[in-house]
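Close look at the chain arrangement
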Amino acid sequence: MYMQGLANFIDDFLGGLMLISYALVVGSVLWSFFILRVFSPGSASDSVVLSSVRLLNFGSKSLAITVGIKLLIKGLVLWSTLGELPWLAYANTVQFKAGLLRFVLALALLQAGKQLQTAPASQSLWRVTGWLALPLVISGAWLVHAVGRFEDREMLMIITVAHQLAAAIWFGCVAQLLILWRTSRQDAGARGLWPLAISRFANLGIFSVILLLITGLPLAWTYIGSWNGLFGTGYGGLVVTKASLLVVALGFAWLNNRAGRRWRENARNDSLNTRVPYYIEAETFILVGILFIAATLSSQPPSIDIPDRTATVEEVVQMFMPRLPKIHSPSHEALMAAEPGRVAVVNKVPSVAGAEWSDYNHNIAGIFLTVMSLTAMLSYVRRFSWANYWPVGFIGLGIFLFFRSDAETWPLGPIGFWESTFGNGEVFQHRIATILLFVLGSIEMQARTSDHTRKLQYIFPLLCAFGGILLLTHAHAQFELKSEFLIQSTHTSMGLLAVIMASGRWLELRLAGVSADTQPSQASTLEGRIAGFIAMAAMLLIGCFLMFYREPLY
């Protein structure tokens, strides 16, 4: 039980890390080919090429590690479930063979990258790297939903591979832009290439966006098939969330593209150095969220396969309708008395006490966040300096959720702490969320009230992003797809807002020059304050969603 509960969470999380690693590898190869133009001698200095190779090697190594761990975990889950490992049967599965091939290719790319570190100008080594990246891209066709379809299997596999390639180009090249920017601080060659790289990436970025759209739309149509499927299933809800984050990422991409266009026209644009790097950093938060959503989609049944288990649009809207929060909780005894019927596999009996317990937890948490976010907004007005202590609310919320999140487990219930933590993926995520709240509250309060801990301010957006990813990969009951989705719809929406909050707060700090040596311009400071206010508005919306939450009784 311990292994399986923890493995369910790790499997989804590893899926996101695998996509990020894959994007770093493929994006780095194409960056070197089309932006650095490694086949044209003198186009980029060796130091710039070496920085690109280092990111390629990091991606290759992390891809090999994540793929290897995922193959191992799947085997351990089989062993835990069956009492033995049917090695030959497991090794003959399509997923194992494709995963093993990707593992070997990642190691081969890592070896090629190590050789490139000693000979960055070697065109023959770059050709070998390109040829190794090609089967790496193709191998993804056997690791997606399409391989299990009976209709249009080959076409769906090809379209999915192209869709993943487009995402890899975008994210991988954005990551390389960040590496180039950091390198430019000490390297004159990188500094001279920076505006040119922004300009060159514009065309490659536009290509990747077009490819994303022309492949994503037919995939969505095939796997969703109806409006209820789009808004009334977990798969469709994640697609909507992914599309929403894509719009935000496109906004940042447009800002970067505009700066590059102005540089081509005037050969001078101060925003390329004062704002664009920070836009790219904020864009990276959004793209990471998109990749984790894409990984989570692979564990969801396509909407088209569960037409009789979808929620209606009206039922989904009802989950977000304003209502008075529940401020009275049922007793723990009443909750536990109804648990056997609620968790039964057959003849399941919905628990009114369980639903009311959950409503109370969510609603009180929403009141905490709503008050905190409104107080945080006041902190932008100078005469309300006391409002900078709003993060203390995270600590209070963490204490509340520690006792209330999972009533059947320690300290209130009969199931022990370690048994519940590692035996149930949902409880494990709740424990992590509680720890995050304590860390967020203590660190962010120090960062906002002390001038000597300014760098601590960056912890808040990083933990917000991690919390958003937890919400985007958060899963509930596996056998009640309709009720699971209605709960998941609120968690997914909050995950979307948490990623936006992380991006906005990060952008606020960077534009305000928290770690910069030079004083930020008035325009940058204003943009930063707007981004920070948007981040707090996102937290306010999260608080409202929690305050109006009602557990579905199905």
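About the thresholds
- All chains use their own residue numbering, which begins from 1 and follows the written sequence.
- Given that the model is predicted, a residue must reach a pLDDT of at least 70 before its local features are reported, and side-chain atom pairs must reach 80 or more before they are shown or counted; all residues, however, enter totals for whole chains, interfaces and linings.
- Excluded from the side-chain calculation are hydrogens and water; included are all heavy atoms of the structure.
- UniProt positions are given in the numbering used here, feature names are shortened, and annotations may be inferred rather than shown by experiment.
- Numbering of helices and strands runs from the N terminus; a helix is a DSSP stretch of H or I covering at least four residues, while a strand is a stretch of E covering at least two.
- We compute the radius of gyration over the C-alpha atoms and compare it with the globule rule, which gives 2.2 Å times the number of residues raised to the power 0.38.
- Partly exposed residues are those whose accessible area sits between 20% and 50% of the maximum for their type, while under 20% is buried and over 50% is exposed, using a 1.4 Å probe and protein chains only.
- Here a residue-residue contact requires only that any non-hydrogen atoms of the pair lie within 4.5 Å.
- In these tables, accessible area is a Shrake-Rupley quantity obtained with a 1.4 Å probe, and a residue counts as shielded only by the protein chains included in the view.
- When charges are tallied, Lys and Arg are placed among the positive residues and Asp and Glu among the negative ones, while His and the ends of the chain are skipped.
- The atom standing in for a charge is NZ when the residue is Lys, CZ when it is Arg, CG when it is Asp and CD when it is Glu.
- By salt bridge we mean one thing: a side-chain nitrogen of Lys or Arg within 4 Å of a carboxyl oxygen of Asp or Glu.
- Helix axes are fitted to C-alpha atoms over the stretch in contact, other axes to C-alpha atoms as well, and angles between N-to-C directions run from 0 to 180 degrees.
- Reported orientations rely on four angle classes, namely roughly parallel under 35 degrees, roughly antiparallel over 145, roughly perpendicular from 65 to 115, and oblique for the rest.
- Whether a crossing is left-handed or right-handed is set by the direction in which the near helix is turned from the far one by less than a right angle, anticlockwise for left-handed and clockwise for right-handed.
- Residues are grouped as follows: Ala, Val, Leu, Ile, Met, Phe, Trp, Tyr, Cys and Pro are nonpolar; Asp, Glu, Lys and Arg are charged; all remaining types, including Gly, are polar.
- In a helix, the anticipated span is given by 1.5 Å times the number of residues less one.
- Taking the helix axis as origin, the arc is that swept by the directions to the C-beta atoms.
- Criterion for a disulfide: a pair of cysteine sulfur atoms within 2.5 Å.
- pLDDT measures how confident the predictor is about each residue, on a scale from 0 to 100.
- Among the buried residues, those of types Ala, Val, Leu, Ile, Met, Phe, Trp, Tyr and Cys that are joined through side-chain atoms within 4.5 Å form a nonpolar core.

In the annotation of an unreviewed UniProt entry, the entry for the chain reads Copper resistance protein D, and the organism field reads Candidatus Methylospira mobilis. UniProt, in its Function (unreviewed entry) section for the chain, records the words "Involved in copper resistance." Reading the Sequence similarities (unreviewed entry) entry of the UniProt record for the chain gives the comment "Belongs to the CopD family."

As a further point, take the overall build of the chain. The secondary structure content of the chain amounts to 21 helices and 0 strands. A globule of 554 residues ought to have a C-alpha radius of gyration of about 24 Å, and the chain, at 24 Å, matches this closely. Taking the principal axes of the C-alpha coordinates as reference, the chain spans close to 75 × 70 × 40 Å. Expressed as a percentage of its 554 residues, the buried residues of the chain come to 55%. Relative to all contacts within the chain whose residues are 6 or more apart in sequence, the contacts with residues 24 or more apart total 79%. Surface summary for the chain: the accessible area is close to 25300 Å², and the carbon and sulfur share equals 66%. Averaging the locations of the 39 positively and 32 negatively charged side chains of the chain gives two centres separated by 11 Å.

This part takes up the pattern of salt bridges. Overall, the coordinates contain 6 salt bridges when judged by the stated rule. In this structure, R275 engages E527 in a salt bridge whose closest nitrogen and oxygen atoms are separated by 2.8 Å. Of the two residues, R275 is situated in the loop between α10 (271–274) and α11 (276–297) and E527 in helix α21 (residues 522–547); the sequence distance between them amounts to 252 residues. Judged by relative accessible area, E527 falls into the partly exposed class, the value being 26%. The salt bridge involving E444 is made with R448; its shortest N-O contact spans 2.6 Å. With E444 and R448 both in helix α18 (residues 425–449) and 4 residues apart, the pair spans about one turn of that helix.

Turning our attention to the packing of helix α6 (residues 153–184) against helix α7 (residues 188–223). Axis separation between α6 and α7 bottoms out at 8 Å; the angle between their running directions is 155°. The orientation of α6 with respect to α7, classified from their angle, is roughly antiparallel. Of the two possible hands of crossing, α6 and α7 adopt the one that is left-handed. Broken down by class, the residue content of the contact of α6 with α7 amounts to 26 nonpolar, 8 polar and 1 charged.

An ideal rise of 1.5 Å per residue puts 24 Å on 17 residues; helix α5 (residues 123–139) measures up with 25 Å between its terminal C-alpha atoms. Among the residues making up α5, those that are buried are L125, W126, T129, L132, A133, L136, V137 and S139. Buried positions in α5, seen along its axis, are confined to an arc of 150° and lie on one side of it.

Turning our attention to the environment of F33. The topology assignment puts F33 in helix α1 (residues 2–34). Using a relative accessible area of 21% as the deciding quantity, one classes F33 as partly exposed. Along the primary structure F33 and V49 are separated by 16 residues, whereas in three dimensions their C-alpha atoms are 11 Å apart. Apart from the residues lying within four places of it in its own chain, the contact partners of F33 are V38, F39, W126 and G130.

Inspection of the entire model under this criterion finds 0 disulfides. The thiol sulfur of C464 is not disulfide-bonded, and the nearest other cysteine sulfur, from C544, lies at 17 Å. Relative accessible area serves as the criterion here: at 6%, C464 is assigned to the buried category.

Confidence along the chain averages 87 in pLDDT terms, with 92% of residues attaining 70 or more. Confidence, read as mean pLDDT per element, is least for helix α14 (residues 339–343) in the chain (62) and greatest for α5 (96).

Checked against the element boundaries, W131 lands in helix α5. Between the C-alpha atom of W131 and that of G15, which follows or precedes it by 116 residues, the distance is 25 Å.

What follows concerns the nonpolar core. If you look at the biggest cluster of nonpolar residues, it comprises 105 residues, and the most contacted ones within it are W170 and W194. Here the element with the most residues in this core is α6; it accounts for 17 residues. Among residues more than four places away in sequence, those in contact with W170 are F201, S208, V209, L212, L246, A249, L250, A253, E283 and L287. Counting 39 residues, the second-largest nonpolar core is a separate cluster that includes A365, A376, L470 and A535.

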